[in-house]
Amino acid sequence: MTVSYDIENFYAELVDSGLVIPTGVKGAYGRGAALEDIIRAFNALVTRIGEADGAQEVLFPPVLPRALIEKMGYMDSFPQLAGSVHSFMGNDAKARELSERVHAGERWEDMLSPTELMLAPAACYPVYPAFSGLLPGGGRLITTMNWVFRHEPSDEPTRLQSFRMREFIRLGKSEDVLAWRDDWLRRGLALLQGLGLPADSDVASDPFFGRVGKMLATNQKEQRLKFEILVPVISKEKPTAVASFNWHQDHFSSKFGIRNSDDTLAQTACMGFGLERVALALVKAHGVDPKAWPQDVRAQLWPAA
């Protein structure tokens, strides 16, 4: 099929086909049944491929303690992406005032107060404090899937404010952690290319904020701490990152006291697939009707069909 890169037409096609459902907020659309089926099928395929690794599955809510976000240093590096949970904590009189403002079409957000919760910006964040202390021999491998939030309102259909990440997190000795990260980079690339996606990998950096952030991003690239798998979905010249592979060194293990069985400081790495982005990449490559996709692709995603 001929592939064109037009953001407005691609989004209109997604809406017209029922794959996405507009909500009126940028980057916060709903998912139709067919798109959700693609997401579930790909997530299940990742589970099958990684099953022999023996990862321990854990699940967390899509919110984190505010204190954890602060300890992570997230507000130092990515304040522009953060989402805070606020709630009404006033009395009856204040509640009436709030209601009056709402019905009058006035602003009312200043009547809410911050809670102890923040929206989770990464699926792996709650894993590190949960597994603090001594690791077993050989370290740990954890997997999780969760909704994450990043304040990046955009008309681009792949740049969502609320989306899901399927992640694996490796904790252990530096040589084991780095070898695992690099192995999953190869495996992830083969997986996506095997689904007919024109995927490639490249060294990358996180969207650190401000002038200091530019130096952090340069350092991250120079040390090859982060790789991404890229697929042209919106633009051929600027392909979309659908998966990331990060080596944190001892950044998280030092904060949460994660140590190897020999009592040395552990290191950590994580890799994650952006489930919505992978699904949209498949739609871009194969069309809006999954039933018409190439049989070899369908056989991998829906083996029982």
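Refer to the structure above for everything that follows.
These numbers were taken from a predicted model, which means no experiment stands behind them.

Asker: What exactly am I supposed to notice about the pattern of salt bridges here?
Answerer: Two side chains carrying opposite charge are able to pair once their charged atoms lie near each other. According to the stated counting rule, one finds 16 salt bridges in the structure shown. With a shortest N-O distance of 2.8 Å, Arg164 and Glu276 are connected by a salt bridge. Placement of Arg164 in strand S9 (residues 162-172) and of Glu276 in helix H10 (residues 275-286) is noted, with a sequence separation of 112 residues between them. Considered together, Arg164 and Glu276 belong to a single accessibility category, that of buried residues. Overlapping salt bridges bring together Arg31, Glu36, Arg164 and Glu276 as one network.

Asker: What should I look at first to understand helix H1 (residues 7-16) in this one?
Answerer: Three or four residues apart is the spacing at which side chains of an α-helix point the same way, because the helix has 3.6 residues per turn. At the N-terminal end of H1, a side-chain oxygen is found 3.1 Å from the backbone nitrogen of Glu8, two or three residues along, and the residue is Asp6. Once H1 finishes, Gly18 follows within two positions and takes phi at roughly 80°, a positive value.

Asker: Would you mind going over the sheet that holds strand S11 (residues 226-231) with me for this structure?
Answerer: What holds strands together in a sheet is hydrogen bonding between their backbones, with the strands either parallel or antiparallel. Read from one edge of the open sheet, seven strands run S3-S8-S9-S14-S12-S11-S10, paired in mixed fashion. Of all strands in the sheet, those bounded by a partner on one side alone are strand S3 (56-57) and strand S10 (200-203). Here S3 pairs with strand S8 (residues 140-149) via two bridges, running parallel. Paired with Glu57 across the two strands is Thr143, which belongs to S8. Helix H2 (residues 33-50) contacts S8, S9 and strand S14 (267-274) of the sheet and is inclined by roughly 10° relative to S9. With respect to the sheet, H10 is in contact with S8, S9, S11, strand S12 (240-249) and S14, its orientation differing from that of S14 by roughly 40°.

Asker: So what exactly am I meant to see when it comes to H2 here?
Answerer: The end-to-end C-alpha separation of H2 is 26 Å, in line with the 26 Å expected for 18 residues at 1.5 Å each. Every buried residue belonging to H2 is among Leu35, Glu36, Ile38, Ile39, Ala41, Phe42, Asn43, Leu45, Val46 and Gly50, and all of these are buried.

Asker: I'm lost on the packing of aromatic side chains in this one. Help?
Answerer: Each pair of aromatic rings is reported with the distance of its centres and the angle of its planes. Tallied over the full model, the rule gives 10 aromatic pairs. The interplanar angle of 45° and the centroid separation of 5.1 Å between the aromatic rings of Tyr74 and Phe78 together place this pair among those described as tilted. Accessibility assignment for this pair places Tyr74 and Phe78 in one class, buried. With centroids separated by 6.0 Å and ring planes inclined at 50°, the aromatic side chains of Trp293 and Trp302 adopt a geometry described as tilted.

Asker: Please clarify how the environment of Tyr29 should be interpreted in this entry.
Answerer: Along the chain, Tyr29 falls in the loop between strand S1 (20-21) and strand S2 (30-31). Separated by 134 residues in the primary sequence, Tyr29 and Phe163 have C-alpha atoms spaced 9.9 Å apart. Here Tyr29 is in contact with Tyr11, Val20, Ile21, Pro22, Thr23, Pro157, Leu160 and Leu280, once residues within four sequence places are set aside. A distance of 2.6 Å separates a polar side-chain atom of Tyr29 from the backbone oxygen of Pro157.

Asker: What should I look at first to understand the pairing of S12 in this one?
Answerer: Successive side chains on a regular strand alternate, one facing one side of the sheet and the next facing the other. Of all 10 residues in S12, nine are buried; the element is thus mostly enclosed. Alignment of S11 against S12, held across six bridges, turns out to be antiparallel. Bridging across to S12, Leu230 finds its partner in Ala241. Across six bridges, the pairing between S12 and S14 is antiparallel.

Asker: Please clarify how the sheet that holds strand S4 (residues 63-65) should be interpreted in this entry.
Answerer: Pairing is antiparallel in the open sheet, where three strands are placed in the order S4-S6-S5. Strands at the two margins of the open sheet, each flanked by one partner only, are S4 and strand S5 (84-88). Each neighbouring strand pair of the sheet contributes to a mean axis angle of 55°, computed without reference to strand direction. Sheet analysis places S4 next to strand S6 (residues 112-119), joined by three bridges and oriented antiparallel. Paired with Val63 across the bridge in S6 is Leu119.

What counts and how
- Residues numbered from 1 in each chain as written.
- Predicted model: local features only at pLDDT ≥ 70, side-chain atom pairs only at ≥ 80, totals over all residues.
- Heavy atoms only, no water.
- Salt bridge = Lys/Arg side-chain N within 4 Å of Asp/Glu carboxyl O.
- Helix = DSSP H or I, 4+ residues; strand = E, 2+ residues; numbered from the N terminus.
- Buried < 20%, exposed > 50% of the residue type's maximum accessible area, 1.4 Å probe, protein only.
- Polar contact = N/O pair within 3.5 Å; in protein donor to acceptor, adjacent residues only side chain to side chain.
- Pairing = 2+ DSSP bridges.
- Contact = heavy atoms within 4.5 Å.
- Axes fitted to C-alpha atoms, helices over the stretch in contact; angles between N-to-C directions.
- Expected span 1.5 Å × (residues − 1).
- Phe/Tyr/Trp six-rings, centres within 6.5 Å; stacked < 30°, edge-to-face > 60°.

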